[in-house]
Amino acid sequence: MDLHLSPDERTFRDSLRSWLAANVPAGWEAQRLESTMEERFTFLRQWQKRVFDGGWAGVAWPQAFGGRGATLMEQVIFTQEMARAGAPPLANVLGLAIIGPTIIHFGTDAQKKRYLANILSGDEIWCQGFSEPNAGSDLANLRTEARRDGDHYIVNGQKVWTSYGWAADWCALVTRSEPGTQKHKGLSYMLVDMKSKGVEVRPLRQMTGESEFTELFFHDVRVPADNVLGKPGDGWNVALGTLAHERATLGVSAQIAIRRQIDRLIEIVGAQPQAKDPIVRQKVAQAYVENEVVRLNHIRAVSKIMQTGAPGPEQSILKINWSESNQRFQAAAQEILGPYAQLTAGSSLAIDAGAFSYSYLRSRGNTIEAGTSEIQRNIVGQHVLGLPKSY
Ligand SMILES: Cc1cc2nc3c(=O)[nH]c(=O)nc-3n(C[C@H](O)[C@H](O)[C@H](O)COP(=O)(O)OP(=O)(O)OC[C@H]3O[C@@H](n4cnc5c(N)ncnc54)[C@H](O)[C@@H]3O)c2cc1C
């Protein structure tokens with residue numbers, strides 16, 4: 001694996017750098033934690049539109065679908081340069097990273113034409129309706145029912161922990177469409193308009209104080225049969241594609257966000273006598289080392305996708321690494337910075353408007369979202385190490 005940039009990749013990076021230098025809104029981060037989730041989201045949508053108009057959204061998506069047709073490595077450079085420039089993230093996280101690529105892979109021409117451009121521009125925001133109260137790790141246990149009725153399905157059931165459910169225009173919904181089937185058989189992956197009659201969204205409050213995710217209830221929701229992605233009854237395979245993308249892509253932005261916080265911690269601590277405390281030095285250096293492991297593992301994962309065309313079970317190694325190392329780093333940052341780091345946005349004494357407090361609390365979800373650490377270890381055990389399947 002060659003870790004150096006090729007001449008084309010350097011040209012790509014330099015052109016992006018110039019664009020970011022001219023376009024990243026100044027001072028946006030300082031206002032971030034002080035504004036409401038909805039205000040932030042409106043701002044992120046406008047930012048995504050600017051990135052799209054500049055021709056930088058969906059860097060690795062084929063040009064035929066509005067992307068730039070760049071390589072996956074250039075996609076990685078894009079993410080790295082966005083972080084380096086301190087640019088805001090793009091609003092349509094799940095659409096861009098997970099659901100769009102799944103539509104590219106499994107969609108009909110009509111579906112690609114209908115959905116992909118609006119994902120890139122951020123005109124339509126997507127959420128992912130997979131988990132249910134009794135189907136999280138054991139996703140194949142899901143019960144949300146889709147009953148065929150002429151050229152529609154009638155959907156009834158409940159989803160939970162749906163990130164962006166409050167903002168979404170569309171939902172990638174996995175349903176049980178063949179009555180009497182069990183587990184991964186008889187599921188269908190549907191593209192559901194969140195404005196359909198019978199869709200109810202209820203916010204769920206997290207310990208950060210935000211309601212980033214929601215419960216979704218479906219009461220006799222009519223979904224056109226044309227909105228099934230992939231073959232009806234083959235939703236498990238389509239969902240597996242989505243999950244692999246989720247594990248592969250979440251890690252990139254997480255690694256860079258964590259690195260930025262490590263740099264900020266070093267900046268704060270470097271100016272204090274604590275910088276000479278041997279325990280503090282050990283913890284900061286350890287956080288840096290773990291973050292480098294995530295970065296290099298990510299490059300390895302990208303190389304693998306470039307060779308095979310699809311993310312593989314090794315993505316689980318990446319997921320375990322970034323989520324668990326972030327929890328260790330956030331705990332270390334709290335110990336090093338002391339009680340002021342626990343103050344949240346709104347307190348004049350909070351460090352960086354409560355950024356460390358927020359990240360500490362938010363990091364608890366990292367080992368649960370996109371599949372828990374235990375499930376990732378099961379995948380590594382079975383698909384990487386060749387151990388027998390767990391029950
Ligand atoms: C921040 C956040 C955002 C999320 N966003 C979304 C979203 O947008 N869309 C969506 O559909 N879902 C979303 N989720 C839900 C997430 O996918 C589930 O929470 C996750 O899959 C775990 O399922 P569960 O909560 O039902 O826990 P359970 O599956 O009930 O697990 C409970 C515990 O048992 C362990 N366990 C379960 N099975 C095994 C096993 N076979 N071997 C060993 N241990 C096991 C688990 O690791 C866990 O510790 C989100 C979750 C979080 C925290």
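Here, every reference points to the structure presented above.
**Concerning the overall build of the protein chain**
- A tally of regular secondary structure across the protein chain gives 11 helices and 8 strands.
- In terms of overall size, the protein chain behaves like a compact globule, its C-alpha atoms giving a radius of gyration of 21 Å where 391 residues would be expected to give roughly 21 Å.
- Considered along the principal axes of its C-alpha atoms, the protein chain spans approximately 70 × 45 × 45 Å.
- The burial tally for the protein chain puts 50% of its 391 residues in the buried class.
- Looking at the protein chain as shown, the accessible area adds up to about 19,000 Å², and 54% of this sits on carbon and sulfur atoms.
- Taken together, the 42 basic and 41 acidic charged side chains of the protein chain have centroids lying 2 Å from each other.

**Some words on the pattern of salt bridges**
- All chains considered together, the criterion is met by 21 salt bridges.
- The closest approach of N and O atoms between Asp169 and Lys195, which form a salt bridge, is 3.5 Å. Taken as a pair, Asp169 in the loop between strand 3 (152-163) and strand 4 (170-176) and Lys195 in the loop between strand 5 (187-193) and strand 6 (199-204) lie far apart in primary sequence, 26 residues in all.
- A relative accessible area of 15% places Asp169 in the buried class.
- Among the residues examined, Lys195 registers a relative accessible area of 62% and is labelled exposed.

**Some thoughts on unusual backbone geometry**
- Positioned with a positive phi, Trp161 is a non-glycine residue whose angle comes to about 60°.
- With respect to the helices and strands, the residue Trp161 is situated in strand 3.

**Side note on the site of the ligand**
- Near the ligand there are 17 residues, and of these Ser131, Ser137, Trp161, Thr372 and Glu374 occur at the shortest range.
- Measuring from an oxygen atom of the ligand, one finds a side-chain N or O atom of Thr372 at 2.7 Å.
- In the environment of the ligand, an oxygen atom lies 2.6 Å from a nitrogen or oxygen atom belonging to the side chain of Glu374.
- Across the complex, the protein chains shield 67% of the 980 Å² of accessible surface that the ligand would expose by itself.
- Counting residues per element, the ones that place at least two in the shell around the ligand are strand 3 and helix 11 (373-384).
- Its residues assigned to classes, the shell around the ligand comprises 5 nonpolar, 9 polar and 3 charged.

**A short note on the pairing of strand 2 (residues 145-149)**
- Two elements, strand 2 and strand 3, share 5 bridges in a ladder whose sense is antiparallel. Bridge pairing links Ala146 to Val155 in strand 3.
- Connecting strand 2 to the antiparallel partner strand 3 that follows it, the hairpin turn spans 2 residues, and Gly150 within it adopts a positive phi of roughly 65°.

**Description of the environment of Ala70**
- On the secondary structure map, Ala70 appears in the loop between helix 3 (37-53) and helix 4 (72-84).
- Distance from Ala70 to Ala60, taken between C-alpha atoms, is 4.6 Å for residues 10 residues apart in sequence.
- Filtering out sequence-adjacent residues up to four positions away, Ala70 remains in contact with Phe12, Val59 and Ala60.

**Structural notes on the pairing of strand 3**
- Both strand 3 and strand 7 (residues 213-224) contribute to a ladder of 9 bridges, which runs antiparallel. Bridge assignment links Gln158 to a residue of strand 7, and that residue is Phe217.

Cut-off values and rules
Per chain, the residues get numbers from 1 upward, laid out in the order the sequence is written. Given that this is a predicted model, residues contribute local features only at a pLDDT of at least 70 and side-chain atom pairs are listed and counted only at 80 or more, while totals for whole chains, interfaces and linings are drawn from all residues. Each side-chain value is worked out from all heavy atoms of the structure, with water and hydrogens disregarded. Every helix listed is a DSSP run of H or I at least four residues long, and every strand listed is a run of E at least two residues long, numbered separately from the N terminus. Throughout, radius of gyration means the C-alpha value; the globule benchmark is 2.2 Å times the number of residues raised to the power 0.38. Using a 1.4 Å probe on the protein chains alone, a residue whose accessible area is under 20% of its type maximum counts as buried, one over 50% counts as exposed, and one in between counts as partly exposed. Each accessible area is a Shrake-Rupley estimate made with a 1.4 Å probe; only the visible protein chains count as cover when residues are assessed. The sign given to each residue is positive for Lys and Arg and negative for Asp and Glu; His and the chain ends receive no count. Here the site of a charge means NZ on Lys, CZ on Arg, CG on Asp, or CD on Glu. The term salt bridge refers to a side-chain nitrogen of Lys or Arg lying within 4 Å of a carboxyl oxygen of Asp or Glu. When we say a residue is near a molecule or strand, we mean one of its heavy atoms is within 4 Å of it. Whenever a nitrogen or oxygen atom comes within 3.5 Å of another N or O atom, the pair is scored as a polar contact, on the condition that within protein one atom can donate a hydrogen and the other can accept it, and that pairs from neighbouring residues in sequence are kept only if both atoms are in side chains. We call Asp, Glu, Lys and Arg charged. Ala, Val, Leu, Ile, Met, Phe, Trp, Tyr, Cys and Pro are nonpolar, and the rest, Gly among them, are polar. A pair of strands counts as paired when DSSP detects no fewer than two bridges linking them. Only heavy atoms enter the contact rule, under which two residues are in contact if any of them lie within 4.5 Å.

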